[in-house]
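Per-entry structural report
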Amino acid sequence: VLQSFKKLHRTRLKVFEGDLRALIAARAKINEEYKKNKHVTEEGSIRAMIKFSEDVETELRTQVIQAREVRPGVFEAKITEDTLKLDNIPYNDSAVPDDKLDGPRPCCKDQARSK
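From a predicted model like this one, the values you see are computed outputs, not experimental measurements. (Residues numbered from 1 in each chain as written. Predicted model: local features only at pLDDT ≥ 70, side-chain atom pairs only at ≥ 80, totals over all residues. Heavy atoms only, no water.)

**Things to note about the overall build of the protein**
- Across its full length, the protein holds 4 helices and 2 strands.
- In the protein, the succession of helices and strands from N to C terminus is α-α-α-β-β-α.
- Counting all 115 residues of the protein, 15% fall into the buried class.
- A sequence separation of at least 24 residues applies to 44% of the contacts in the protein between residues at least 6 apart. (Helix = DSSP H or I, 4+ residues; strand = E, 2+ residues; numbered from the N terminus. Buried < 20%, exposed > 50% of the residue type's maximum accessible area, 1.4 Å probe, protein only. Contact = heavy atoms within 4.5 Å.)

**Observations concerning the pattern of salt bridges**
- One pass over the structure, following the stated rule, counts 10 salt bridges.
- The salt bridge involving glutamate 43 is made with arginine 47; its shortest N-O contact spans 2.6 Å. In this pair, glutamate 43 and arginine 47 both sit in helix α3 (residues 43–63), 4 residues apart, roughly one turn of the helix.
- Because the salt bridges share partners, they merge into one network encompassing Lys29, Glu32, Glu33 and Lys36. (Salt bridge = Lys/Arg side-chain N within 4 Å of Asp/Glu carboxyl O.)

**Looking at the packing of helix α1 (residues 2–15) against α3**
- With their axes 10 Å apart at the nearest point, α1 and α3 run at an angle of 15° to one another. The orientation of α1 with respect to α3, classified from their angle, is roughly parallel. Crossing of α1 over α3 shows left-handed handedness. Residues Ser4, Lys7, Leu8, Thr11 and Val15 of α1 pack against Ile50, Ser53, Val56, Glu57, Leu60 and Arg61 of α3.
- Taken together, the residues that form the contact of α1 with α3 break down as 5 nonpolar, 3 polar and 3 charged. (Axes fitted to C-alpha atoms, helices over the stretch in contact; angles between N-to-C directions. Parallel < 35°, antiparallel > 145°, perpendicular 65-115°, else oblique. Left-handed = near helix turned anticlockwise from the far one by under 90°. Nonpolar A, V, L, I, M, F, W, Y, C, P; charged D, E, K, R; others polar.)

**Re the environment of valine 40**
- Within the secondary structure, valine 40 sits in the loop between α2 (20–36) and α3.
- According to the relative accessible area criterion, valine 40 is partly exposed, its value standing at 21%.
- Those residues in contact with valine 40 that lie beyond four places of it in its chain are Ser45, Ile46 and Met49.

**Description of the nonpolar core**
- Grouped together as the largest cluster of nonpolar side chains are 8 residues: Leu8, Val15, Phe16, Ala22, Leu23, Ala26, Ile30 and Leu60.
- Where this core is concerned, the elements lending two or more residues are α1 and α2.
- Broken down by element, this core gets its largest block of residues, 4 residues, from α2.
- With residues near it in sequence (within four places) discarded, valine 15 still touches Leu60, Arg61, Val64, Gln66 and Lys78. (Core = buried A, V, L, I, M, F, W, Y, C linked by side-chain atoms within 4.5 Å.)

**Some details on the environment of isoleucine 30**
- Structurally, isoleucine 30 is set in helix α2.
- With a relative accessible area of 10%, isoleucine 30 lands in the buried category.
- For the pair formed by isoleucine 30 and phenylalanine 5, sequence separation is 25 residues and the distance between their alpha carbons is 7.7 Å.

So yeah, pure geometry; function would need other evidence.
Here it is in structure tokens:
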């Protein structure tokens, strides 16, 4: 339990580095949740809460991005090596949605079988 508590705080320090308000708010929330559940003694519940804290830590580390405005309308994002990066597909205003195509669409199970 203590290890998961410390890991969340280390991640908080890294993710919100330089943002005092976010650092304080995250510290308060982490401490509040751990204090609220300190009376729990059932091993299964403790394991579930530790798993939840690990999931929260992963979410913070890989999904949270800080951005700050460097000049009006221009933002700088803080991307780390842990940040999950997905393919960015540009918006195409002239694209035709799949539901507008004529004829029946193949079932996804049929597509999976053909591979």
